[in-house]
Amino acid sequence: MSWTEDEAKRLGDAVRRLRSDRELSQEALAFTAGVTKNQLQLIEAGRGSGRKGAQGPSNPRLSTLAGLASVLQVKVSELLAEAGI
């Protein structure tokens, strides 16, 4: 599944909101979920690459979504619903 830019942005907003609600830093969420801080930053920004001038939405793997959802104490389906996806 590929994300549209709007979906990627909404997912990033949902992850950021849930992380903030649980008072987790990006570092803590990323480490516990098994992703890099850079990956998490890109997901929260809805971007697929940090390269200057790069375009394209983030497209996280299901395993990445599962790891984030687990740490955020929600199901993947709840994370996607939070994002309106």
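Quick notes on the rules
- Residues numbered from 1 in each chain as written.
- Predicted model: local features only at pLDDT ≥ 70, side-chain atom pairs only at ≥ 80, totals over all residues.
- Heavy atoms only, no water.
- Buried < 20%, exposed > 50% of the residue type's maximum accessible area, 1.4 Å probe, protein only.
- Helix = DSSP H or I, 4+ residues; strand = E, 2+ residues; numbered from the N terminus.
- Arc of directions from axis to C-beta.
- Contact = heavy atoms within 4.5 Å.
- pLDDT = per-residue confidence, 0-100.
- Axes fitted to C-alpha atoms, helices over the stretch in contact; angles between N-to-C directions.
- Parallel < 35°, antiparallel > 145°, perpendicular 65-115°, else oblique.
- Left-handed = near helix turned anticlockwise from the far one by under 90°.
- Nonpolar A, V, L, I, M, F, W, Y, C, P; charged D, E, K, R; others polar.
- Salt bridge = Lys/Arg side-chain N within 4 Å of Asp/Glu carboxyl O.
- Core = buried A, V, L, I, M, F, W, Y, C linked by side-chain atoms within 4.5 Å.

## A closer look at helix H2 (residues 26–33)
Point 1. Among the residues making up H2, those that are buried are Gln26, Leu29, Ala30 and Ala33. Along the axis of H2, the buried positions cluster into a sector of 95 degrees, meaning they face one direction only. In H2, the exposed residues that point more than 90 degrees away from the buried face are Phe31 and Thr32.
Point 2. Along its buried surface, H2 packs onto helix H1 (5–21), helix H3 (37–45) and helix H4 (62–71).
Point 3. Remark: Gly34 follows H2 within two positions and exhibits a positive phi of approximately 80 degrees.

## Topic: unusual backbone geometry
Point 1. The phi angle at Glu23 is positive, at roughly 55 degrees, despite the residue not being glycine.
Point 2. Relative to the assigned elements, Glu23 resides in the loop between H1 and H2.

## Looking at the confidence of the model for the protein chain
Point 1. On average, residues of the protein chain carry a pLDDT of 90, and 91% of them reach 70 or more.
Point 2. Within the protein chain, H2 carries the highest mean pLDDT (97), whereas H3 carries the lowest (93).

## Details of the packing of H2 against H4
Point 1. Two elements in contact, H2 and H4, have axes whose closest approach is 8 Å; the angle formed by their N-to-C orientations is 120 degrees. When the axes of H2 and H4 are compared, the pair comes out oblique. Where H2 crosses over H4, the two elements pack in a sense that is right-handed. Contact residues: H2 offers Leu29, Thr32 and Ala33, while H4 offers Gly67, Leu68 and Val71.
Point 2. Each residue belonging to the contact of H2 with H4 can be placed in one class, and the counts come to four nonpolar, two polar and no charged.

## Comments concerning the pattern of salt bridges
Point 1. Scanning the entire structure with this criterion turns up seven salt bridges.
Point 2. One salt bridge in this structure joins Arg16 and Asp13, with 3.0 Å as the shortest N-O distance. Linking Arg16 with Asp13, this pair stays in helix H1, spanning three residues, or about one helical turn.
Point 3. Among the residues examined, Arg16 registers a relative accessible area of 30% and is labelled partly exposed.
Point 4. The exposure class assigned to Asp13 is partly exposed, which follows from its relative accessible area of 25%.

## Comments concerning the nonpolar core
Point 1. Of all hydrophobic cores here, the largest spans 21 residues; its most connected members are Leu11, Val15, Leu29, Leu68 and Leu79.
Point 2. Put simply, the parts of the chain that give this core at least two residues each are H1, H2, H3, H4 and helix H5 (76–82).
Point 3. For this core, the element with the most residues is H1, which contributes five residues.
Point 4. For Leu29, the contacting residues outside a window of four places in its chain are Val15, Arg19, Leu24, Leu40, Leu68, Val71 and Leu72.

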